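This is what each chain is made of:
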There are 2 protein chains.
Amino acid sequence: MTIRIGILGYGNLGRGIECAVKQNNDMELAAVFTRRDPSTVHILTESATVAHVDSIPDWKDQIDILILCGGSATDLPEQTPKYAQWFNVVDSFDTHARIPEHFANVDAAAKASGKIGIISVGWDPGMFSLNRLYANAVLPDGQDYTFWGKGVSQGHSDAIRRIPGVKNAKQYTVPVDEALAAVRAGENPQLTTRQKHTRDCYVVLEEGADAAQIEETIKTMPNYFADYDTTVHFISEEELARDHSGIPHGGFVLRCGQTGWNGEHKHIIEYNLKLDSNPEFTSSVITAYARAAYRLAQEGQTGCKTVFDIAPVYLSAMSPEEMRAKLL
Amino acid sequence: MTIRIGILGYGNLGRGIECAVKQNNDMELAAVFTRRDPSTVHILTESATVAHVDSIPDWKDQIDILILCGGSATDLPEQTPKYAQWFNVVDSFDTHARIPEHFANVDAAAKASGKIGIISVGWDPGMFSLNRLYANAVLPDGQDYTFWGKGVSQGHSDAIRRIPGVKNAKQYTVPVDEALAAVRAGENPQLTTRQKHTRDCYVVLEEGADAAQIEETIKTMPNYFADYDTTVHFISEEELARDHSGIPHGGFVLRCGQTGWNGEHKHIIEYNLKLDSNPEFTSSVITAYARAAYRLAQEGQTGCKTVFDIAPVYLSAMSPEEMRAKLL
């Protein structure tokens, strides 16, 4: 059986899903749905259709899993419950604070339609969450640490671009080596925001813009930069294109815990990612969970799930026997 | 509901389980079963009973999960299927090559009795296996690496102790820094056995033993040492007790994979452990899976499971709502 995938939204994430589907022999891309004029959207998969999102209900018997590639701020809260009426859906909803509400909405919609909805799939939330859960279950007495980077933060880059006089910008979140080293050494440090990450900004100015003023505006921006040690580099548009066009990211999840009758032994569990392409890696995780969604649906399960609810066996194209022989 | 735990076998692992149970408020240790005279076995938990293993069937309604703490060579292949006739069981069977056979035996026994048996729980097999599976599912095109150490290998230490003239010995398996660095740098190296690990041996000689001869015997021992760069240090019994009485271990699981339409982006997933006490960490993993076994049994599930078959949500004492709010 080939799992027929649909993609809603063809930005970086949608393109990443398309590439990931190509790497998985048990899947094929059936269609990409867009809010734009379909004739203007050019995809890579020759066998797949580009269709307008309004036609999506017509596809309900031709697609096994619809992957929602919209944004968490406004798209997914509306889209995931809506499309769960016709499809098994997977999204990468990443507004941590609003996950309980999103879960409830998707659960109600998917239970009503008899479909599966898997939400908040990616690396954080996603693989990082899994590692926090496993590490907490194994070491109940301990302390968690998450560091992000080195990687591009889209939100922080956008915040710089909104400053008058800024033509373009890219912001990297960078974990502080000393903080990471202290955690790895089992020192259980209490770390402030400033001690955990620094922010590196590469900024292209409009002609005649006041560099000193813009640097000050960035460094004192509340929430985004004021609580961090921020470095601002002014570069040309050419340098930005040449040296900063990628979308790398990554990070570290650590738990340091104690065991023994009197907590006398220390253990450190670390999970880390170094990603050349944030959207492609996120897409790869989503695609593995699309396989899980397909299998859960085949079993007749319904409602909303997260990575916590899904046994690892559902993710792999291998048979359980092969997994036990090769990976256990 | 308190999960009532039984332990069969009170060596390092059994003692580790006892400590881990103390850290988990939803569990209590009911009894430790031993093949020795129970009056000679002194446990730490005042409220628990020490009983002879022959009396174990009498306990079948007083224990929810029996944790088997025997060895993989001869104990567990016999014990896990046997005790699955009376109890939900968890073991740490770690002979990778014989897992399929052990799985089949435990599955048949547990299905016949209507119990759950979770096998091969610990860190390798166990947490390392999970990380291999997740990483392979997410990055289907890539290469896996596992490094062990720095840590004590009981099997290799025993092999040295069997050499005539050796009074005592401890062997550390050490990952080679350069190999690990090459993997982390995304170089996808092809590594020989010798390139991945070195072996460090601390040996106490019997009086009058021939050090040079023993060093040669160790370094040329087939399977155990001949394929490795091995260092032998001769030390006194006092030094061994002072500097080498711990049982630390750990290791690294890495996968380097490619994504993109033409595999143009590289990603590295790393999981690593630094453990002060190998048996206590293994015990902590087993104890989390004892909780899963209890919940699976409550649901009426039966048969043999591995870490692959169990959704993460089963491991944590938190409610699903709390997990989603705090860990996702």
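See the structure above.
Can you explain the relation of the copies chain B and chain A? Please cite residues and give values.
Between the two chain copies there is a screw-like relation: a rotation about an axis and a shift along it. Rotating chain B by 180 degrees about the axis while translating it 0.0 Å along that axis superimposes it on chain A, leaving an RMSD of 0.0 Å. Expressed as a symmetry operation, the mapping of one chain copy onto the other fits a two-fold axis. Residue A311 of chain B, judged by its C-alpha, is the member of chain B lying nearest the rotation axis, at 1.8 Å. A share of 100% of the interface residues of chain B reappears at the interface of chain A, consistent with the copies meeting face to face through the same patch.

Which residues make up the sheet that holds strand β8 (residues 151–152) of chain A, and what values go with them?
Residue and element names in this part refer to chain A. In space, the four strands of this open sheet follow the order β8-β9-β10-β11, with mixed pairing throughout. Of all the strands in the sheet, the pair left with one neighbour each is β8 and β11 (229–234). In the sheet, strand β9 (residues 166–175) pairs with strand β10 (residues 197–205) via nine bridges, with the strands oriented antiparallel. What sits directly across from V166, in β10, is L205. Against the sheet, helix α5 (residues 154–161) touches β8, β9 and β10, its axis set at about 145 degrees to β9. Packing of helix α8 (residues 211–219) onto the sheet brings it into contact with β9, β10 and β11, and relative to β11 it is tilted by some 150 degrees.

Mind laying out the pattern of salt bridges, listing which residues take part and the relevant values?
Residue and element names in this part refer to chain A. With the rule as written, the count across this model stands at 31 salt bridges over all chains. Of the charged contacts, one joins K167 and E237 as a salt bridge, the two residues approaching to 3.8 Å between their closest N and O atoms. Residue K167 is located in strand β9, and its partner E237 is located in helix α9 (residues 237–243); the two are separated by 70 residues in the primary sequence. A residue is classified by how much of its surface remains accessible, and K167, at 47% relative accessible area, is partly exposed.

Any details on the nonpolar core? Residues and values, ideally.
Of all hydrophobic cores here, the largest spans 160 residues; its most connected members are I5, I118 and Y289 of chain A together with I5, I118 and Y289 of chain B. Not counting residues up to four positions away in its chain, the partners in contact with Y289 of chain B are Y134 of chain A together with V90, I118, V121, L130, V307, I310 and L315 of chain B.

Tell me what's going on with the pairing of β11 of chain A, and back it up with residues and numbers.
Both β10 of chain A and β11 of chain A contribute to a ladder of six bridges, which runs parallel. By the bridge assignment, V203 of chain A is partnered in β11 of chain A with F234 of chain A.

An account of the environment of I63 of chain A is requested, with residue identities and associated values reported.
Residues and elements named next belong to chain A. Take I63: it is sitting in the loop between β3 (49–52) and β4 (65–68). On a C-alpha basis, the gap between I63 and G6 in space is 6.0 Å, while along the polypeptide they are 57 residues apart. If we skip the residues at most four places from it in the chain, I63 touches R4, I5, G6, A30, A31, F33 and F87.

Outline the sheet that holds β3 of chain A, supporting the account with residue identities and numerical values.
Residues and elements named next belong to chain A. Read from one edge of the open sheet, seven strands run β3-β2-β1-β4-β5-β6-β14, paired in parallel fashion. The open sheet terminates on both sides in strands that have one partner only, identified here as β3 and β14 (303–305). Pairs of neighbouring strands in the sheet enclose a mean axial angle of 25 degrees, with direction left out of account. Across three bridges, the pairing between β4 and strand β5 (residues 88–90) is parallel. Among the inter-strand pairings, I65 is bridged to a residue of β5, identified as N88. Across the sheet, helix α1 (residues 12–23) is in contact with β1 (3–8), β2 (27–34) and β4; its angle to β1 comes to roughly 165 degrees. Contacts from helix α2 (residues 75–83) reach β1, β4 and β5 within the one sheet, and its direction differs from that of β4 by about 175 degrees.

Residue-level account of the side chain of S120 of chain A, with values.
Residues and elements named next belong to chain A. Residue placement: S120 occurs in the loop between β6 (116–118) and α4 (127–138). Of the residues examined, S120 reaches a relative accessible area of 0% and is grouped as buried. A polar atom in the side chain of S120 sits 2.9 Å from the backbone oxygen of F93.

Could you give me a rundown of unusual backbone geometry, with the residues and numbers involved?
Residue P125 of chain A is reached from D124 of chain A by a cis peptide bond, and omega for that bond is 5 degrees. Along the polypeptide, P125 of chain A turns up in the loop between β6 and α4. For the bond running from G149 of chain A to K150 of chain A, omega is 0 degrees, close enough to zero to count as cis. Looking at the secondary structure, you find K150 of chain A in the loop between β7 (142–148) and β8. Here the phi dihedral of N223 of chain A falls at roughly 65 degrees; this positive angle occurs in a residue that is not glycine. In this fold, N223 of chain A is placed in the loop between α8 and β11. A positive phi is found at N188 of chain B, a non-glycine position, where the angle reads about 50 degrees.

What counts as what
Residues numbered from 1 in each chain as written. Chains lettered and ligands numbered in written order. Predicted model: local features only at pLDDT ≥ 70, side-chain atom pairs only at ≥ 80, totals over all residues. Heavy atoms only, no water. Least-squares fit on C-alpha atoms with pLDDT ≥ 70 in both. Contact = heavy atoms within 4.5 Å. Pairing = 2+ DSSP bridges. Helix = DSSP H or I, 4+ residues; strand = E, 2+ residues; numbered from the N terminus. Axes fitted to C-alpha atoms, helices over the stretch in contact; angles between N-to-C directions. Salt bridge = Lys/Arg side-chain N within 4 Å of Asp/Glu carboxyl O. Buried < 20%, exposed > 50% of the residue type's maximum accessible area, 1.4 Å probe, protein only. Core = buried A, V, L, I, M, F, W, Y, C linked by side-chain atoms within 4.5 Å. Polar contact = N/O pair within 3.5 Å; in protein donor to acceptor, adjacent residues only side chain to side chain.

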